[in-house]
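Architecture and fold: a report
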Amino acid sequence: MENKAKFNVYSLPYFLWIVCFVIAPILLVLYYSLFDIDGNFSFVNYQNFFTPVYLMMTVNSFWYAFLITFFSLLVAYPTAYLLTKTKHKQLWLLLIIVPSWINLLLKAYAFIGIFGTYGAANKFLEGIGIGSRQILFTDFSFIFVSVYIFIPFMILPIFNALNKLNPTLIAAANDLGASGWVTFRRVIFPLTLDGVKSGCQVVFIPALSLFMLTRLISGNRVITLGTAIEQHFLVIQDWGMGSTIAVFLIIFMFLIMALTGARKRGV
Amino acid sequence: MKQLVRTFLTIILVSIVLLSITNRLNQSQGFSGSNTLTVYNWGDYIDTDLINRFEKETGIKVIYETFDSNEAMMTKIEQGGTTYDVAVPSEYMIDKMIKENLLIPLDHSKLPNLKNIDERFLNLPFDPDNLYSIPYFWGTVGIVYNPEMLGGMEITSWNDLWDRKLRNEILLIDGAREVIGMGLNSLHYSLNDTNPKHLQEAKAKLDTLTPNIKAIVGDENKLLLANREAAIGITWSGDASEIMSENEDLDYVVPSEGSNLWFDNMVIPKTAKNIDGAHAFINFMLDAKVAAQNTEYVSYSTPNKAALEFMPEEMVNDERFYPAPELTDKLEVYENLGKRNLATYNELFLEFKMHRK
């Protein structure tokens, strides 16, 4: 009885936090989404969302978020795997995480310099005889920089999952005659799937609403839902439409969480 | 626990001591709470020497804050948290602020230096009789380009940009009215056109420009153009002159079809506490010598006729930044089109951005 009372008192800050900074903002976003540009109550914003412009934008956002997640995973999994094999795991991990402490904008500006026509990347291409080409303001540069920024968030959960993996299981697989590939496919990967899933969530969801990079690195050639929200709030001051797009993003995120989380219970 | 409480108490005590010291220091310099003036201006848009001079001459302490967009500025003034005494919005925003009762009418008897301002820039549609605002700087929207990178090609009009030779060479500015306006101007429509058919035509015309566009960027364009990342940029004249001081190869042109003429004006917002001080500050900035010094620093075009005498001749005679009245008559000032039309402009701009090469 006494225990229960104590629990309530100490969880008060937690509940206050959730109410003030999670539930209230979501309700506010919902509330604002129900007003049109002149401040009248209407569902016109929701109708607007289902016009080709915003549907196209949604498809674009998903496609780029998918590419970013896919390439992050492609790089992060082997890296995390190698990390667990090194001698000073924590040190290497720290070295990978440190760049994420640097401000995002600062890194973006650095990439403008590196990828520019007269930047280091083109000097290198010229040096090896390929010749300089446009790198900045292309899909490639956008995905490259996004992957670079998100990679630490993908590596961490995968590293943790791999690190927790019981080495005797691998030894057992070897003893039973499984080749390296089969061991990976049937033992290591399924056991670290949770890490992969949370990594994908942590990358995919923010990637869906990226906005500064779309201007700085891809020169507004890639338009995502995040860009549209920024424009509706800051330029047009149409908070209704901005909120409506945000509502859809929230719905998409819940769907993604539900889809990636469901199988966990089934296993 | 005890230690935690002690730490907190120490922090609070130190803060109180520091606060009282700053207060004391301000008072000893003759700055008291009632004798301050909060100026709210664009970033890097005043010669800070002049602020010091104003403080010395009048004994008023100036608190200088900056903003980076008209919208952000207006939101802050609407909320009224800070007592801004002088602000410098652009013309379409002044129109909006007057309509929403956010500005205090000016007392022209306290602004004797108003006589220095060129009459061309007074009594404009967004603020008839300059009841609420006084011109600070003005300029145009145009094309800054690098003739050397284009093999000596000369650009004089918006339509020149559609040339096939200019593939992947243009950096547009990330502004809906500027870009859609460029489409409208190239078709010889007004910049303030709200006819949906004309707007669709302008957007369709802009779509055909996409192969020539390298990127649509914000303030980074200054860096990119100065570094020869692209040969052509669409931007405001002030930014252009800044880029040109970085890289002398570049040239600026106001397109022959017409373009936008813009103003940044000084106003006294509703939040003002020190209204006399605000008038004194505006009058000080209108002084011929002060305006000349400020213009040399900021390098935008000054509306102050008397100041031109104190400025270097090559600056005043530069037709690109001080175009003749015949040309400025052809330029258009943005009208406040209302939220709905602005939304249409922005929606078209988004669609245009999504148009792939």
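Worth saying up front: this structure is predicted, and the values here are computed from it rather than measured. (Residues numbered from 1 in each chain as written. Chains lettered and ligands numbered in written order. Predicted model: local features only at pLDDT ≥ 70, side-chain atom pairs only at ≥ 80, totals over all residues. Heavy atoms only, no water.)

Section: the domain arrangement of chain B
All names here are of chain B. Split into domains, chain B comes out as domain 1 (2-138 + 263-324) and domain 2 (139-261 + 330-354). Taking the mean C-alpha position of each, domain 1 and domain 2 sit 30 Å from one another. Contacts between the two partners involve 12 residues from domain 1 and, on the opposite side, 14 residues from domain 2. With both sides pooled, the region where domain 1 packs onto domain 2 buries about 1400 Å², and carbon together with sulfur makes up 61% of that total. Applying the counting rule to domain 1 against domain 2 returns one salt bridge. Counting across the domain 1 and domain 2 interface gives four residue pairs in polar contact (both at pLDDT 80 or more). Of all the elements, helix α4 (residues 91-99) adds the most residues to the side of domain 1 that touches domain 2, at five residues. In the side of domain 1 that touches domain 2, the residues fall into six nonpolar, one polar and five charged. (Domains from an automatic or database assignment. Contact = heavy atoms within 4.5 Å. Buried area = accessible area lost by both parts, 1.4 Å probe. Salt bridge = Lys/Arg side-chain N within 4 Å of Asp/Glu carboxyl O. Polar contact = N/O pair within 3.5 Å; in protein donor to acceptor, adjacent residues only side chain to side chain. Helix = DSSP H or I, 4+ residues; strand = E, 2+ residues; numbered from the N terminus. Nonpolar A, V, L, I, M, F, W, Y, C, P; charged D, E, K, R; others polar.)

Structural notes on empty space enclosed by the protein
Residues and elements named next belong to chain B. Tallied over the entire structure, the rule returns three cavities of 30 Å³ or more. Computed from the structure, the largest cavity encloses a volume of approximately 70 Å³. Every residue lining the largest cavity is listed: Pro 135, Tyr 136, Phe 137, Met 266, Met 285, Leu 286, Ala 291, Asn 294, Thr 295, Thr 302, Pro 303 and Asn 304. When contributions to the lining of the largest cavity are tallied by element, the ones reaching two or more residues are β4 (133-145), α9 (275-286) and α10 (288-298). (1 Å grid on protein atoms, 1.4 Å probe; cavity = no way out; pocket = protein on both sides within 12 Å on 5 of 7 lines; lining within 4 Å. Points joined across faces, edges and corners; volume = space filled by probe spheres on them.)

Quick look at helix α3 (residues 70-79) of chain B
Residue and element names in this part refer to chain B. Those residues of α3 lying buried are Asn 70, Glu 71, Met 73, Met 74 and Ile 77. Down the axis of α3, the buried side of the element spans an arc of 160°, and every buried residue falls inside it. Of the residues trailing α3, Gly 80 is marked for its positive phi of about 70°. (Buried < 20%, exposed > 50% of the residue type's maximum accessible area, 1.4 Å probe, protein only. Arc of directions from axis to C-beta.)

Quick look at the UniProt feature "transmembrane region" (unreviewed entry) in chain A
Residue and element names in this part refer to chain A. When the UniProt feature table is mapped onto this chain, "transmembrane region" (unreviewed entry) is found at residues 12-34, 62-84, 91-115, 135-159, 202-219 and 239-262. For residues 12-34, the end-to-end C-alpha separation is 32 Å, with 91% helix and 0% strand making up the annotated structure. Taken end to end, residues 62-84 is 100% helix and 0% strand, and its first and last C-alpha atoms sit 32 Å apart. (UniProt positions renumbered as here; feature names shortened; annotations may be inferred.)

Overview of the pairing of β4(B)
Residue and element names in this part refer to chain B. In terms of residue burial, β4 counts as a mostly covered element, since 13 of its 13 residues are buried. Summarising the sheet, β4 and strand β9 (residues 261-267) pair through seven bridges and their orientation is antiparallel. Across the sheet, Ile 134 pairs through a bridge with Met 266, a residue of β9. Relative to strand β7 (residues 232-236), β4 runs antiparallel, the two sharing five bridges. Opposite Val 141, over in β7, you have Trp 236 as the bridge partner. Sheet analysis places β4 next to strand β8 (residues 251-253), joined by three bridges and oriented antiparallel. Considered in β8, the bridge of Tyr 145 is made with Asp 251. (Pairing = 2+ DSSP bridges.)

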